[in-house]
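What follows is each chain in one-letter form.
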Amino acid sequence: MAAPRVIVVGAGPAGTRAAELLAAAGLRPTVVDEGRASGGQIYRRQPPGFRRDARTLYGTEAGRATALHATFDGLGLAIDYLPETLAWNIHGGALYVQREERARRLPFDALLIATGATDRMIPLPGWTLPGAFSLGAAQIALKAQACAIGSRVVFLGTGPLLYLVASQYVKAGAQVAAVLDTAPPGARWKGLPLMAARPALLAKGAVLIAQLMRAGVTMRRGVVPRRVLADAAGTRVAGVAIATPDGGEEVIACDAVGMGWHLRAESQLADLAGCAFDFDADSRQWLPRADEDGRASAPGIYLAGDSARILGADGAEIAGRLAALAVLKDLGLPAPPGQDVAALRRQRQVMDRFRRGLALAFPWPAGLVASLPDETLVCRCEAITAGALRQSVTELDAPEMNRAKAFSRTGMGRCQGRFCGIAGAEIVAAARGVPVEAAGRLRGQAPVKPLPVAAMADDASTLEATR
Amino acid sequence: MTAHPAATAPLLRRLGETHRAPVAFTIDGQPATALEGDTLLTALLLNAGALRQSEFGDGPRAGFCLMGACQDCWVWTEDGGRLRACGTPVQPGLRIVTRGAPWPPLG
């Protein structure tokens, strides 16, 4: 009997631990990675020729990062590693991948999706200006390129990444104009009982905030942002306007803003595989359904890491192991020695408690999103306004997000709704006067990212199979 | 009509790793220098204030996510090729255009 064909998509913490375990069980998994080297976004490696040490790059997580990189590099030929490769469709029991202009169809018996997350975004007026970047982008510029996104940077949004990136900028010698958190001042106390599940991580967070205070960085909570301001020429960021209690506005001057409201799961492949999704009220987003080990509702599909639940990097390593063990069990193969499924499940539950605590401490400001002014560019790909999206409901009676997309093109652009979809659903729901879950979610579409036409034409069977 | 993207001051600020070898390329025909290991996005935004003009007429753009998700950093080469700047390493001799790109202007 031929060896089972197992594919792992993603080589971050979840994908790496899954691949390690599958290889230890005697399989030779294929690992599809959009990156040039393993590590994912959180443990992204700097390019060859850069000299900063792991401590400088990853701070308190240096040990975990180097361990994960070493594990992956040590797998060598025990896996079939496909770097710089995009997984862009799932159809008929096969994964469709593309590297440069070459497309391939990879049939599988089991597919483990560990594609991570992106920043969850609020399309504030002015967010398309040069100098406005996602928080993740601000971190990547520093970590992978030793650059700051500007000379005087505001960090705006909510979630642990807000404080982490700000502190990394301070350490690297960049000037941080302010850290503006939209979470109400009392919110973190609400999250505390659940976040106490991971006291060490909580302590790390407290240290970060203390470092920012010592550095004299302005930090505000309960911020209501109005817009990102442009300079006189309209060509770059010049400040962030926030509401004042008396109904006025205060401007915080800066030449760059890093913004993000925690994370959103990168779940398109699970969607294309036919997985069921559920609305997660804690994080206020739709997530693919999975059992405690990561089995999705579609046969042969397994989910791990932030693309399934935003558990963070440590949680992703655990989820990657659990999902790999589930793959082995379902294929009727023995687990490698020393794997304690019950202990891993318990650890995952701890991570999930913390996740729910974070969602309380750093809530998504749904009301702010729903009330974005009509002139706001919600869809940055095609410059579609909040007003146009609202009209798709008020004038054309779109009942949910996919119809609103068809009417307005919001979410139809090149990013496929990654940066406007969650906010768009809030706007549609508010316009209809229904809860956000009733506005649905944008369905994933293949290709999940733009492909060169040559990549498809190159392989006639690809075209045939996706017709 | 807004000023063309490269006409404004550089957007990014380099904080270190300056020992790397220089790489020569051009932006709208003007010579520019980056360092080996810079992405094309880094190389462009250390020399210019934006990457391109939005094809929908709403002004200049300079990328957003830097992780290949937002698709906002595609730039054109002089010979009509398209590159996602955040994931493409800068190469010696690359010739990038940030204006007059072969895209039909609207409005």
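A short tour of the structure in this document, coming up. (Residues numbered from 1 in each chain as written. Chains lettered and ligands numbered in written order. Predicted model: local features only at pLDDT ≥ 70, side-chain atom pairs only at ≥ 80, totals over all residues.)

Now for the overall build of chain A. Within chain A one finds 16 helices and 23 strands. The C-alpha atoms of chain A give a radius of gyration of 22 Å, which matches the 23 Å a tight globule of 467 residues would have. Its C-alpha atoms put chain A at 75 × 55 × 45 Å along the principal axes. For chain A, the proportion of its 467 residues judged to be buried stands at 54%. Sequence separation of at least 24 residues holds for 68% of the intrachain contacts in chain A that already meet a minimum separation of 6. (Helix = DSSP H or I, 4+ residues; strand = E, 2+ residues; numbered from the N terminus. Rg over C-alpha atoms; globule rule 2.2 N^0.38 Å. Buried ≥ 20, exposed ≤ 12 C-beta atoms within 10 Å, placed from the backbone. Contact = placed C-beta atoms within 7 Å.)

What follows covers the interface of chain B and chain A. Taken together, the contacts link 35 residues of chain B with 43 residues of chain A. Elements with a contribution of two residues or more to the side of chain B that touches chain A: strand 1 (13-14) and strand 5 (60-61) of chain B. For the side of chain B that touches chain A, the per-class residue count stands at 14 nonpolar, 12 polar and 9 charged. Pairing of strand 10 (residues 147-148) of chain A with strand 1 of chain B, which is carried by 2 bridges, proceeds in the antiparallel orientation. Residue pairing for strand 1 of chain B: A:C147 is matched across the bridge by B:R14. (Nonpolar A, V, L, I, M, F, W, Y, C, P; charged D, E, K, R; others polar. Pairing = 2+ DSSP bridges.)

Here the focus is the packing of helix 4 (residues 135-145) of chain A against helix 5 (residues 160-171) of chain A. All names here are of chain A. Helix 5 packs onto helix 4 with a crossing angle of 30° between their chain directions and a minimal axis gap of 10 Å. With respect to each other, helix 4 and helix 5 are oriented roughly parallel. Helix-helix and strand crossings are classified by hand; for helix 4 and helix 5 the assignment is left-handed. Along the contact surface, helix 4 presents L135, A138, Q139 and L142, while helix 5 presents L161, L162, V165, Q168 and Y169. Classifying every residue of the contact of helix 4 with helix 5 by side-chain character gives 7 nonpolar, 2 polar and no charged. (Axes fitted to C-alpha atoms, helices over the stretch in contact; angles between N-to-C directions. Parallel < 35°, antiparallel > 145°, perpendicular 65-115°, else oblique. Left-handed = near helix turned anticlockwise from the far one by under 90°.)

Residue and element names in this part refer to chain A. Summarising the element assignment, G315 is placed in helix 9 (residues 312-330). Judged by local crowding, G315 falls into the buried class, with 25 C-beta atoms found within 10 Å. Between the alpha carbons of G315 and P107 there is a distance of 29 Å; along the sequence they are 208 residues apart. Beyond its immediate sequence surroundings of up to four residues, G315 is in contact with R348 and M351.

A few words now on helix 10 (residues 341-361) of chain A. Every α-helix winds through 3.6 residues per turn, so residues three or four apart in the chain are directed the same way. All names here are of chain A. If you check helix 10, its first and last C-alpha atoms are 30 Å apart, about what 21 residues at 1.5 Å a residue would give, namely 30 Å. For helix 10, the complete set of buried residues consists of R348, M351, F354, R355, G357, L358, A359 and A361. Looking at the buried side of helix 10, the elements it contacts are helix 5, helix 6 (187-195), helix 7 (199-214) and helix 9. (Expected span 1.5 Å × (residues − 1).)

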